Amino acid sequence: MSYLAIFATVLVLLNTYPLVASQDLLFTSKRDSLKSQAAVMASALMELESLSSDQVARVMNMLDSMGLARILVTDPAGLILYDSTQPEEEGPEEGAPPEYRYALYQEVVSALRGSDVFYSRYAGRVFTSTAASPIVYRGMVIGAIYILEIDPAQGELLYNLQQNLRNISLVIAAVTLVMSTLFSKVLTARIAALLRAIRIVGEGEYGHRLQPVGRDEMAQLAGEFNHLTDRLQTTEEVRRRFVSDASHELKTPLASIRLLADSILQTDEMDPEMVRDFVGDIGSEADRLARVTEHLLALTRLDSLPAGDAFPVDTAQVTERTAALLQPVADAAGVTVLLDLKPDCLILCTEDDLSQICFNLVENAIKYNYSGGKVFVSVHRDGDQVLLEVGDTGVGIPEEDLPKVFNRFYRVDKARSRAAGGTGLGLSIVRDTVRRHGGWVTARSRNPEGSLFTAGFPRYDPEEDGKGEGL
Ligand code: ADP
């Protein structure tokens, strides 16, 4: 509709302008020629000094009427002295009283007042033009000449031009109408397809895709839609897997508890030592359940809650405190924890988050280690970053598993992880927490044995911050 409106406006302008311009051109040329004809006649009559019907008729007969429809000559009072439409032969009879006729045209009146006038009108395919000039003798207006021209030929020309323009416009309008109808049909169909696709995906069918046709905006829109749906599908798959993994993780200890409880109930006169063992196992399974739920909650919090207020935290101090917390675990496993902590390693974080990262990494380094093994914990600056490195001389991680250890519920050695009370979520929590504070974390194999985890954070510089505040 908007295209049509624009085209209609353009067509109207295209139609009107040439007509007005050509009408104007004709008007100007007519004015020039008629005015000069009137002037020539006036100057011929001016020679007569005073005008009378006979003298005027004589002069006028000598002049060429040049296709004019009517020529009138009047005296200063507007009394017609000569009228070309009433030739003398048909004039009043000899002796009859002279016929007093006055030319009371607007043009004549103006000419008698001393001005040249011209008037032109185009109607009914005919150009009608009139001109009048005063006849001046020694500064006195002694009469006026009025000429009338009726020009059907030029009028016809103008009319034909008008017709041709109208026909061309009609053809253009018809073509535009057809084209814009087709165009809007195609466009509407593509928008409808996109809407349908959005609805289908909205109803949960994430596999639905559009076929982008061409390279226009609609094709780009279809491409973007597909891209968005891809991401939606991936997110949905991750979510489903997470839910199924999580329920599996929760089901396993629950099944063990159920089994152990049933065994105690169904076995008559069970050895008290065995009952104590079973109840102990129930307790460990309950602990595992608690750990899994705690980790799941931690991950959900990381997903849904915004990062808390971050303050400058000394990485070395927090690492030292966390390592001290884990010392009894290291002692029990026969593992030595060696610290190499440099000062001035401030980062913007929360103590809880940093402590959680450190705890999980060091705990893993102890868990997946041999008795008599070592854990190296280092905090140092590297350019504008602070690095927390946790290396061990433990079991190590196969090269192909390295990129996957940060995935949720991923375990290299399931039995060992379970035996060590692992949930498969510790490293996911580390990765999400580190990223929350603008950092990164990697896992590598350590030479000649064990693994090395490195977490990097943007270093916080109090001086720079002070400068910033001063500005
Ligand atoms: P888990 O609770 O099982 O320890 P994590 O997410 O902390 O889960 O770690 C995922 C897996 O990565 C572990 O199951 C283990 O197989 C492997 N892993 C993590 N840290 C180490 C390490 N320091 N040495 C060897 N393997 C490790």
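Computed from a predicted structure; not experimentally measured.

> Give a description of the site of the ligand that names residues and reports values.
Near the ligand lie 22 residues; those nearest to it are Asn364, Tyr368, Ser417, Thr423 and Leu427. Within the backbone of Gly426, a nitrogen or oxygen atom sits 3.2 Å from an oxygen atom of the ligand. The contact in question runs from an oxygen atom of the ligand to an N or O atom on the backbone of Leu427, over 2.8 Å. In this structure the site holding the ligand corresponds to the largest pocket. Listed by contribution, the elements that provide at least two residues to the shell around the ligand are α8 (351-367), α10 (426-436) and β12 (451-458). Sort the elements by how many residues they give to the shell around the ligand and α8 lands first, with three residues.

> How would you summarise a negative patch on the surface if you had to cite specific residues and measurements?
On the surface, Asp271, Glu273, Asp277 and Asp281 cluster together into a negatively charged patch. Inspection of the secondary structure puts Glu273 in helix α6 (residues 272-304). With relative accessibility at 49%, the residue Glu273 sits in the partly exposed group.

> How would you sum up the side chain of Asp392? Please name residues and give values.
Looking at where Asp392 falls in the secondary structure, it is placed in strand β10 (residues 385-392). Buried charge without a salt bridge: Asp392, with Arg446 as the nearest opposite-charge side chain at an N-O distance of 6.6 Å. Only 2.8 Å separates the side chain of Asp392 from the backbone nitrogen of Gly394, close enough to count as a polar contact. Asp392 has contacts with Ala365, Tyr368, Asn369, Lys374, Val375, Arg446, Glu449, Gly450 and Ser451, leaving out every residue within four places of it along the chain.

> So what's going on with unusual backbone geometry? Residues and values would help.
Most peptide bonds are trans, and most residues other than glycine sit at a negative phi. Asn447 connects to Pro448 through a cis peptide bond whose omega is 0°. With respect to the helices, strands and loops of the structure, Pro448 is situated in the loop between β11 (440-445) and β12. In this structure, Asp344 is a non-glycine residue whose phi angle is positive, near 55°. Taking relative accessible area as the criterion, Asp344 reaches 53% and is therefore assigned exposed. You will see that Phe409, though not glycine, has its phi angle at about 65°, which is positive. Take Phe409: it is sitting in the loop between β10 and α9 (414-419).

> Explain the packing of aromatic side chains to me, using residue names and the numbers behind them.
Taken as a whole and judged by the stated rule, the model has five aromatic pairs. Where Phe406 meets Phe453, the ring centres are 6.2 Å apart and the plane angle is 80°; that geometry is what we call edge-to-face. Here the residue Phe406 occupies a position in the loop between β10 and α9, and Phe453 occupies one in strand β12, the gap between them amounting to 47 residues. For Phe453, a relative accessible area of 6% translates into the label buried.

> Describe the environment of Ser304, listing the residues and the values that go with them.
Inspection of the secondary structure assignment puts Ser304 in helix α6. For Ser304, a relative accessible area of 53% translates into the label exposed. Residues Ser304 and Met46 lie 258 residues apart in sequence; the distance between their C-alpha atoms is 106 Å.

> Let's hear about the sheet that holds strand β9 (residues 374-382): which residues, and what values?
Judged by pairing direction, the sheet is mixed, and its five strands sit side by side in the order β7-β9-β10-β12-β11 without closing on themselves. Unpaired on one side and paired on the other, β7 (336-341) and β11 mark the two borders of the sheet. Direction aside, the axes of adjacent strands within the sheet are offset by 15° on average. Pairing between β9 and β10: eight bridges, direction antiparallel. Its bridge partner being in β10, Val375 is matched across the sheet by Asp392. Relative to the sheet, helix α7 (residues 315-333) contacts β7, β9 and β10, its axis offset from that of β7 by approximately 175°.

> Outline the sheet that holds strand β1 (residues 70-74), supporting the account with residue identities and numerical values.
The sheet built from five strands is open, its strands ordered β2-β1-β5-β4-β3 with antiparallel pairing. Each end of this open sheet is capped by a strand with a single partner; those strands are β2 (80-83) and β3 (117-123). Strand-to-strand twist of the sheet, defined as the mean angle between neighbouring strand axes without regard to direction, takes the value 15°. Looking at chain direction, strand β4 (residues 126-137) and strand β5 (residues 140-151) are connected through 11 bridges and run antiparallel. Across the sheet, the residue bridging to Thr128 is Ile150, located in β5. Across the sheet, helix α4 (residues 152-202) lies against β3, β4 and β5, angled at about 50° from β5, the strand it touches most.

The rules behind the values
- Residues numbered from 1 in each chain as written.
- Predicted model: local features only at pLDDT ≥ 70, side-chain atom pairs only at ≥ 80, totals over all residues.
- Heavy atoms only, no water.
- Near = heavy atom within 4 Å.
- Polar contact = N/O pair within 3.5 Å; in protein donor to acceptor, adjacent residues only side chain to side chain.
- 1 Å grid on protein atoms, 1.4 Å probe; cavity = no way out; pocket = protein on both sides within 12 Å on 5 of 7 lines; lining within 4 Å.
- Sits in = over half its atoms within 2 Å of the grid points.
- Helix = DSSP H or I, 4+ residues; strand = E, 2+ residues; numbered from the N terminus.
- Patch = residues over 30% accessible without salt bridge, like charges linked within 9 Å, V, L, I, M, F, W, Y side chains within 5 Å.
- Areas by Shrake-Rupley, 256 points an atom, 1.4 Å probe, with all protein chains shown as cover.
- Salt bridge = Lys/Arg side-chain N within 4 Å of Asp/Glu carboxyl O.
- Lys, Arg positive; Asp, Glu negative; His and termini not counted.
- Charge placed at Lys NZ, Arg CZ, Asp CG, Glu CD.
- Buried < 20%, exposed > 50% of the residue type's maximum accessible area, 1.4 Å probe, protein only.
- Contact = heavy atoms within 4.5 Å.
- Phe/Tyr/Trp six-rings, centres within 6.5 Å; stacked < 30°, edge-to-face > 60°.
- Pairing = 2+ DSSP bridges.
- Axes fitted to C-alpha atoms, helices over the stretch in contact; angles between N-to-C directions.

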